[in-house]
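Summary of structural features
The chain contents come next:
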Amino acid sequence: MWPALLAAGLLVLTGVEPEGILYPRESETREVLLLDGVWKFRTSLPPDRRCPPCEEQFSMDPDGWIPMPVPSSFNDVTASAGVRDFVGWVWYQRHFFVPSQWKTNSFRVFLRFSDVHYASVVWVNDRLATSHEGGHLPFQAEVTGLLRYGEENTVTVGANNTLTGHTIPQGTAVHTDDSSRYPPGYMLHSILPDYFNYAGIQRSVHLYTVPQTFVSDITISTSFDNTTGVVQYWVDYTGGGDTAPLCTVAVEDEGGAVVATGSGLSGTVLVPRVKLWWARHTDSRPGHLYTLRVELARNGQVLDVYRQQFGVRTLEWSNTALLLNGRPVYLTGFGKHEDSDVRGKGFDNTLLIRDFNLIDWLGANSFRTSHYPYAEETLDMADQAGIMIIDESPACSLDLFSDELLQRHKSIMQEMIQRDKNHPSVIMWSLANEPRSDKNQSASYFSSLYNYTRKLDSSRPITFVNSQSVENDKAVQFMDVVCLNRYRAWYSDPGHLELIGRQVESELTAWHVTHDKPVLMTEYGAGAVVGMHTLPAQMWTEDYEVMTLVEHFKIFDKLRAKGFLLGEMIWNFADFLTPEETFRPRSCVKGLFTRERQPKMAAHWARSRYWSLAHELDGFQLPSDLLFRSL
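The text that follows walks through the structure, step by step, so that each part is easy to find. (Residues numbered from 1 in each chain as written. Predicted model: local features only at pLDDT ≥ 70, side-chain atom pairs only at ≥ 80, totals over all residues. Heavy atoms only, no water.)

Comments concerning the pattern of salt bridges
Inspection of the entire model under this criterion finds 35 salt bridges. We note a salt bridge from Glu142 to Arg108, for which the minimum N-O separation is 2.8 Å. Of the two residues, Glu142 is situated in strand S9 (residues 139–142) and Arg108 in strand S5 (residues 107–113); the sequence distance between them amounts to 34 residues. We classify Glu142 as partly exposed; its relative accessible area is 34%. Judged by relative accessible area, Arg108 falls into the buried class, the value being 14%. Close ionic contact of Asp618 with Arg327 constitutes a salt bridge, the shortest N to O distance being 3.7 Å. With a gap of 291 residues between them, Asp618 in helix H9 (residues 601–618) and Arg327 in strand S24 (residues 327–328) connect regions that are remote in the sequence. Using a relative accessible area of 35% as the deciding quantity, one classes Arg327 as partly exposed. Several salt bridges share partner residues, and in doing so they unite Asp557, Arg560, Glu568, Arg609 and Glu616 into one network. (Salt bridge = Lys/Arg side-chain N within 4 Å of Asp/Glu carboxyl O. Helix = DSSP H or I, 4+ residues; strand = E, 2+ residues; numbered from the N terminus. Buried < 20%, exposed > 50% of the residue type's maximum accessible area, 1.4 Å probe, protein only.)

Structural data, given as structure tokens:
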């Protein structure tokens, strides 16, 4: 489907666009109109559900629309199983007014979507505005000439969540002709990832203005020399006359005071008495941020102003350690799906703040954006809180490798790094989760992808998260860090807690010895149904989940002493929805918290573990309300 759409010009890979994708922020020269709210929504009927969208489909029965919140995943909002499980083209539409004062020669107007899953086509006032392939990453289009100023406007979005062997992530879509079992036009759709295929307009939609000459991208690189911060910056701009505009920059501290200035579209600014960005439990003041104020001017007239937050910090890595500002860090945290009870993967500020309060309560210092890039607001919060992030692409469970898929994957990495490069919280790029790296094709695929990503960013380690054995893996050799997902006494040797220590120690040691790289445990754990208990512990009980974690804790301490273990990440932060299947009760219940964000017994044990490590490694005081003081 997607290659045909690309050929038809209905999908555009925004990764090849020269302009940046800066978050829309108001300033002295910019205005932002948020288009979130209740939109109209409808699903397509066969055969339109599998056909490229066209303008004629706007004339659908006006009585077929239903209200739908944006942002949200459409799957969990209605009481209809047909909407929840729908695969194919769906439609969104809303009306909005554009201020009449925007109709000036000095304004250009952009329409920006933070996330539409998976493919989308956008019309403004019944005229094609843009298209995009791939969820979880932003795209935008200039709509200056498509808008009616001082009048009502209409935006219509066609979105398709069909996944195939050519999409990232992958899936299968079979249109069966077996009329004895299926009705005409019936499609069997499955996805390779083990989470629910949430879809729709899942993050915010912005309409914003920029001047004719505007800042289109900012790149910041930092280091420090004793007490002086060294901030290198590069500014890209779009529009203007024959001569480049004058660019001046100012570094502002968290109180807004200017602490350093510079000029030029690129340069180096020195920050005296610098306050470094530290992660939680590495410093008493984690997450310190500065703001780079960028101003473009010509002939004494200010053209554009944009403010970009950043932190001053350095990252280094070796075959045994990850160094933040020259000091080794040990990662404690979890994988973390962005989903909730009602909105699916739809972004929600209330849930965001709740989750970061729970992260603070646990004493964790990191999480992985399993298995796709999270909302930009989530990374902003991580910057402020001093939480380290492994930023992961949507390439979950890749099974087929091709040149076509590799180019799509490279485009995703370009979009992802373009969006997230200035976040100090992002300490590592993850190219994929659990690909079939035992296949011979995976070697050249991931070697090429690693080299491409390294050219995009040389300042962070690169990895993918592995589920293959040390004997059959073909691709870890190209990565900077070995990341492992293992479920001892759960998927392998179920029920045998006594085997965890022996198996974890021998395998993690083998990976380090074989590749001479640091090792990070990115997933381990067990499922637990809330309120289920047995003595002695049995699988699916809260008791068994706790015992699984405790047995891992013992061996992690032993491996830390050997000097090559980078950290431990439990699977998962909270329970999440999965496809309907016979071996899970409609959700993955390996979470420390329920989907309602209430703690299981394992959350208290993880909390004791993480705070104890903060006390042991960095001297932080234990909270007075810990349920367990030692493990």
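A word on a nonpolar patch on the surface
The grouping of Val174, Tyr186 and Leu188 at the surface amounts to a nonpolar patch, some 240 Å² of accessible area in total. Residue placement: Tyr186 occurs in the loop between strand S11 (171–175) and strand S12 (187–191). Taking the relative accessible area as the measure of exposure, Tyr186 reaches 37% and is therefore partly exposed. (Patch = residues over 30% accessible without salt bridge, like charges linked within 9 Å, V, L, I, M, F, W, Y side chains within 5 Å. Areas by Shrake-Rupley, 256 points an atom, 1.4 Å probe, with all protein chains shown as cover.)

A short note on unusual backbone geometry
Residue His117 is joined to Tyr118 through a cis peptide bond whose omega torsion reads 0°. Among the secondary structure elements, Tyr118 is positioned in the loop between strand S6 (116–117) and strand S7 (119–124). Note the cis peptide between Trp571 and Asn572, where omega equals 20°. Of note, Asn572 is situated in the loop between strand S32 (565–570) and strand S33 (576–577). Located in the positive-phi region is Glu434, a residue other than glycine, with phi close to 50°.

Section: the packing of helix H5 (residues 403–420) against helix H6 (residues 441–456)
Interhelical geometry of H5 versus H6 gives an angle of 25° and a closest axis separation of 10 Å. With respect to each other, H5 and H6 are oriented roughly parallel. Viewed along their axes, H5 and H6 form a crossing whose handedness is right-handed. On the side of H5, the interface is formed by Leu405, Leu406, His409, Lys410, Met413, Gln414 and Ile417, while H6 contributes Tyr445, Ser448, Leu449, Tyr452, Thr453 and Leu456. Among the residues making up the contact of H5 with H6, the classes are represented as eight nonpolar, four polar and one charged. (Axes fitted to C-alpha atoms, helices over the stretch in contact; angles between N-to-C directions. Parallel < 35°, antiparallel > 145°, perpendicular 65-115°, else oblique. Left-handed = near helix turned anticlockwise from the far one by under 90°. Contact = heavy atoms within 4.5 Å. Nonpolar A, V, L, I, M, F, W, Y, C, P; charged D, E, K, R; others polar.)

Remarks on the packing of aromatic side chains
One pass over the full model with this rule turns up 25 aromatic pairs. Among the aromatic residues, ring-to-ring pairing joins Tyr195, Phe356, Phe367, Tyr372 and Tyr374 into one connected group. Positioned over the ring face of Phe367 is Lys336, at 5.8 Å from the centre of the ring. Of note, Lys590 hangs over the ring of Tyr487, and the distance from its end group to the ring centre comes to 5.1 Å. (Phe/Tyr/Trp six-rings, centres within 6.5 Å; stacked < 30°, edge-to-face > 60°. Lys NZ or Arg CZ within 6 Å of the ring centre and 35° of its normal.)

A look at the sheet that holds strand S18 (residues 258–263)
The strand order across the open sheet formed by four strands is S18-S17-S20-S21, and the pairing between neighbours is antiparallel. The sheet is open, and its two edges are formed by S18 and strand S21 (301–310), each paired on a single side. Recorded for the sheet is a direction-independent mean angle of 20° between the axes of neighbouring strands. In this structure, strand S17 (residues 246–252) lies alongside S18, joined through five bridges in antiparallel fashion. Note on S18: the bridge partner recorded for Val249 is Gly262. (Pairing = 2+ DSSP bridges.)

Some points on the environment of Leu323
In this structure, Leu323 sits in strand S23 (residues 322–324). Ignoring any residue separated from it by four or fewer positions in sequence, one finds Leu323 in contact with Thr314, Leu315, Glu316 and Pro328.

Regarding empty space enclosed by the protein
For the coordinates displayed, the defined rule picks out three cavities of 30 Å³ or more. By volume, the second largest cavity is sized at about 80 Å³. As for the second largest cavity, its lining consists of twelve residues, of which Leu22, Gln140, Tyr208, Val215 and Ser216 are closest to the centre. Contributing elements (two or more residues each) for the lining of the second largest cavity: strand S14 (205–211) and strand S15 (214–225). Of the residues forming the lining of the second largest cavity, the biggest block, three residues, is contributed by S15. (1 Å grid on protein atoms, 1.4 Å probe; cavity = no way out; pocket = protein on both sides within 12 Å on 5 of 7 lines; lining within 4 Å. Points joined across faces, edges and corners; volume = space filled by probe spheres on them.)

Examining the layout of surface pockets
In this model, the largest pocket occupies a volume close to 660 Å³. Taken together, 26 residues form the lining of the largest pocket, with Asp85, Phe86, Val87, Met187 and His189 sitting closest to its centre. Of all the secondary structure elements, the ones that give two or more residues to the lining of the largest pocket are helix H2 (81–84) and S12. Per element, the largest residue contribution to the lining of the largest pocket is five residues, and it comes from S12. Within the lining of the largest pocket, the residues separate by chemical class into 14 nonpolar, seven polar and five charged. Estimated volume of the second largest pocket: approximately 540 Å³. Its residues assigned to classes, the lining of the second largest pocket shows eleven nonpolar, six polar and ten charged.

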